[in-house]
Amino acid sequence: MVSWCGYGIGVAMADIDKRRRSFMSRIAALLGGLAIFEAGWISATFLGPRRSRVSLEEGLGFQVAGPVERFEPGSVTAFRDGHFYLVRLDDGGFLALHRKCTHLGCTVPWIADEQRFTCPCHASAFDIRGDVLSAPAARALELFAVRIDNGIVKVDTNKLLRRASFESHQVTRV
Ligand code: FES
């Protein structure tokens, strides 16, 4: 009687052990599959053609400002979502100026009556081209690239262009 009971327990233990090993081998296979998938994903992401990733980022970064004729020469239009002012100079050229002061980063409002940007934090001032009129800021307002496609003004908000001062080649012309 006792030996039959012992035999039964032995069989049950062997069965449990067999199921445990089967479960563990399935988990190992699953983890192995995940590791292979992850390695493939990393390779495709970081070792794939770089050019296509760059063009996708550029595509996402361009913000449509509107048709050229919407912006009067000598005007400044705020685009709060894009954090820039679209400036149309008297000669018809465009600049997209970053709203942040180059001193310590406060937002600079355009003061139309004075035809200048004046920083509320420490009183730096910038002209309509973003050039410094008064310190403590030492550099001109930074720029976003402007592109004109079929009469539509677009601003690349993906990348800020740092500059010391205004230069004519920074202007995008129609
Ligand atoms: S942050 Fe603009 S002058 Fe200091």
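Residues numbered from 1 in each chain as written. Predicted model: local features only at pLDDT ≥ 70, side-chain atom pairs only at ≥ 80, totals over all residues.

## Here we look at the overall build of the protein chain
Summing up its helical and strand segments, the protein chain has two helices and 10 strands in all. Listing every helix and strand of the protein chain by position from the N terminus yields α-α-β-β-β-β-β-β-β-β-β-β. Within the span of the protein chain, comprising 174 residues, buried residues form 18% of the whole. Within the protein chain, contacts between residues at least 6 apart in sequence are counted, and of these 46% link residues at least 24 apart. (Helix = DSSP H or I, 4+ residues; strand = E, 2+ residues; numbered from the N terminus. Buried ≥ 20, exposed ≤ 12 C-beta atoms within 10 Å, placed from the backbone. Contact = placed C-beta atoms within 7 Å.)

## Re unusual backbone geometry
Pro136 follows Ala135 through a cis peptide bond whose omega is 20°. Structurally, the position occupied by Pro136 is in the loop between strand S8 (132–134) and strand S9 (143–149). Located in the positive-phi region is Gln115, a residue other than glycine, with phi close to 55°. Along the polypeptide, Gln115 turns up in the loop between strand S5 (110–111) and strand S6 (116–118). One non-glycine residue, Asn150, lies in positive phi territory at about 50°. Secondary-structure assignment places Asn150 in the loop between S9 and strand S10 (152–161). Taking the number of C-beta atoms within 10 Å as the measure of exposure, Asn150 has 6 and is therefore exposed.

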